[in-house]
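# Residue-level structural notes
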Amino acid sequence: MAKIYTKTGDAGETGLLGGSRVPKDHLRVDAYGQVDELNAAIGLALALEPGTFARELLEQVQRELFNIGAELASIDPTRTSKALREPLIGLQHVAALEAAIDRHETQVPPLIQFILPGGVPKAAALHLARTVCRRAERAVVRLEREHDTRATSSVVPYLNRLSDLLFVLARVANHAAGTPEITW
């Protein structure tokens, strides 16, 4: 069995898809690293009770975040892999998030004030994932500004809608648990 450590990153560089090496603090590495952190934050939310709450939806989101990570980890997806010649996340994924937001938003009263993040553990974890999502979105925007990527065509809108979905799911989790929202 191969060892988990390779020592190839000990000098402060990491490999991208396609074999290029960049410093570990490169904007591209920061962007896909923050998407990975978002994926882990969603995993934490999934691990909390109730375990069935939005499970299928959030697991699909996790798979899509892996696709985003793969796209961000490739300097030139058209030359790196046949699988990456077309964007792995498209506007149809953004539309699916919007539909999920619309479905779940009907389960909570209309929002008329800002609310403080928190509530039951599931909701608090979803609020945390939402803030990690916003940070990942900013990292992808920075990457797009500095490097010619195709991230803004679908990845930035996807992350933007995902943060909205996580907010709505946090509200639904609190509502389902009978925990009132604390307004600001």
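So, here's what we can say about the structure.

## Notes on the nonpolar core
Taken as a class, soluble globular proteins show a tendency for nonpolar side chains to be buried jointly. Core analysis: the largest hydrophobic core is formed by 48 residues, its most contacted members being L38, I42, L65, L126, Y158, L162 and L166. Elements supplying a minimum of two residues to this core: α1 (27-47), α2 (55-72), α4 (91-105), α5 (121-146) and α6 (151-177). Top contributing element to this core by residue count: α6, with 12 residues. Apart from the residues within four sequence positions on either side, L65 is in contact with V35, L38, N39, I42, Y158, L159 and L162.

## Notes on a nonpolar patch on the surface
On the surface, F114, L116, I182 and W184 cluster together to form a nonpolar patch covering roughly 550 Å² of accessible area. Along the chain, I182 falls in the segment after α6. With relative accessibility at 55%, the residue I182 sits in the exposed group.

## Quick notes on the side chain of R28
With respect to the helices, strands and loops of the structure, R28 is situated in helix α1. Buried and unpaired, R28 has E144 as its nearest opposite-charge partner, separated by 7.9 Å. A distance of 3.4 Å separates a polar side-chain atom of R28 from the backbone oxygen of S74.

## Here we look at the pattern of salt bridges
Under the counting rule described, the total for this entry stands at 8 salt bridges. E13 is the partner of R21 in a salt bridge, and the nearest nitrogen-oxygen pair spans 3.8 Å. Put simply, R135 and E37 hold a salt bridge, and the shortest N to O gap is 3.1 Å. Taken together, the positions of R135 in helix α5 and E37 in helix α1 put the pair 98 residues apart, joining distant regions of the chain. Residue classification places R135 among the partly exposed positions, given a relative accessible area of 29%. Each of the salt bridges in this network shares a partner with another, and the network as a whole consists of R134, E137 and D164.

Reading the values: rules and limits
- Residues numbered from 1 in each chain as written.
- Predicted model: local features only at pLDDT ≥ 70, side-chain atom pairs only at ≥ 80, totals over all residues.
- Heavy atoms only, no water.
- Core = buried A, V, L, I, M, F, W, Y, C linked by side-chain atoms within 4.5 Å.
- Buried < 20%, exposed > 50% of the residue type's maximum accessible area, 1.4 Å probe, protein only.
- Helix = DSSP H or I, 4+ residues; strand = E, 2+ residues; numbered from the N terminus.
- Contact = heavy atoms within 4.5 Å.
- Patch = residues over 30% accessible without salt bridge, like charges linked within 9 Å, V, L, I, M, F, W, Y side chains within 5 Å.
- Areas by Shrake-Rupley, 256 points an atom, 1.4 Å probe, with all protein chains shown as cover.
- Salt bridge = Lys/Arg side-chain N within 4 Å of Asp/Glu carboxyl O.
- Lys, Arg positive; Asp, Glu negative; His and termini not counted.
- Polar contact = N/O pair within 3.5 Å; in protein donor to acceptor, adjacent residues only side chain to side chain.

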